[in-house]
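# Coordinates in review
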Amino acid sequence: MAWRCSGGSNADLIHNMERNGLINSQRVKEAMLGVDRAHYAPSSPYEDSPQPIGHRATISAPHMHASACEALLPYLQPGSRVLDIGSGSGYLTHVFANLVGPTGTVIGVDHIQPLVSLAEENMAKSKEGRELLESGRVKFIKADGRKGWKEGAPYDAVHVGAAAAEHHKELAEQLKAPGRMFVPVESGWMQHIYYVDKKEDGTVVKERKFGVQYVPLTDAPEE
Ligand code: SAH
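Residues numbered from 1 in each chain as written. Predicted model: local features only at pLDDT ≥ 70, side-chain atom pairs only at ≥ 80, totals over all residues. Heavy atoms only, no water.

An unreviewed UniProt entry lists the chain under the name protein-L-isoaspartate(D-aspartate) O-methyltransferase, with Delitschia confertaspora ATCC 74209 given as the organism. The Subcellular location (unreviewed entry) comment attached to the chain in UniProt states, word for word, "Cytoplasm, Cytosol". (UniProt positions renumbered as here; feature names shortened; annotations may be inferred.)

Next up on the list: the site of the ligand. Near the ligand lie 23 residues; those nearest to it are His65, Ser89, Asp110, Gly145 and Thr218. The side chain of His65 places a nitrogen or oxygen atom 2.8 Å from an oxygen atom of the ligand. Side-chain polar atom of Asp144 to a nitrogen atom of the ligand: 3.0 Å apart, as the coordinates give it. Looking at the shell around the ligand element by element, the count peaks at 3 residues for strand E2 (residues 57–59). The residue makeup of the shell around the ligand, split by class, is 9 nonpolar, 11 polar and 3 charged. (Near = heavy atom within 4 Å. Polar contact = N/O pair within 3.5 Å; in protein donor to acceptor, adjacent residues only side chain to side chain. Helix = DSSP H or I, 4+ residues; strand = E, 2+ residues; numbered from the N terminus. Nonpolar A, V, L, I, M, F, W, Y, C, P; charged D, E, K, R; others polar.)

For helix H3 (residues 26–33), every residue scored as buried is listed here: Val28, Lys29, Ala31 and Met32. Burial along H3 is one-sided: seen end-on, the buried residues are contained in an arc of 165°. Looking at the buried side of H3, the elements it contacts are helix H2 (10–19), helix H4 (62–72) and helix H5 (91–100). (Buried < 20%, exposed > 50% of the residue type's maximum accessible area, 1.4 Å probe, protein only. Arc of directions from axis to C-beta. Contact = heavy atoms within 4.5 Å.)

Before going further, it helps to spend a moment on the pairing of strand E6 (residues 155–160). Most of E6 sits out of view: 6 of its 6 residues are buried. In this structure, strand E3 (residues 81–85) lies alongside E6, joined through 4 bridges in parallel fashion. If you follow Leu83 over to E6, its bridge partner there is Val158. Relative to strand E7 (residues 175–187), E6 is paired through 4 bridges, and the arrangement is parallel. Bridge pairing in E7 links His159 to Phe182. (Pairing = 2+ DSSP bridges.)

See the structure below:
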């Protein structure tokens, strides 16, 4: 899919993803058009592939960002609260903030301090990004994302940007009822995206979707 969706500009990349059926909704398209990926990806920002951002992390491929937004879209309404675990470059955190609007909140969590700082620096490259940080609509926090971020819970939507070794209980606990988590989970040498839905009555339903390749959700490296 990568070769079909790459573009010469941010708008090209997004229009190509729309043409190839990776972006289906106008809201996701507009939210992604509102963030220049060049502020977040140090090289080849308009290529549909992951790029290294240092500290063994990568900014995920644009089609994975699109797929996460489409999956979580019913829970990304004006005013929604979102937790983005493994926020890395900060790109998707910014797209989520566009989707939930001025009354929404997005918390990005990463366990590597230089990446928390990098996400803040990347976001501060645009006027809109600076406003998100200054208003508190977006916060980046250093923490172990396997435990979620209790202080901001409950969340309408939780996105996990690294592959979990198991379904971490705390994450589902921090979902609102109703709410949805998009999470890659390892099983043997495979990883699959799961939608973990908390229904209105509080029951939790896990649905396995498709195979993926993410960096693992791990212990923090020694500092
Ligand atoms: N959504 C990000 C993905 C970055 S790669 C982007 O597209 O830019 C995955 C990220 O998960 C890395 O930044 C890594 O530091 C982070 N990570 C890995 N294990 C973690 C943990 N236990 N807690 C928080 N972040 C973690």
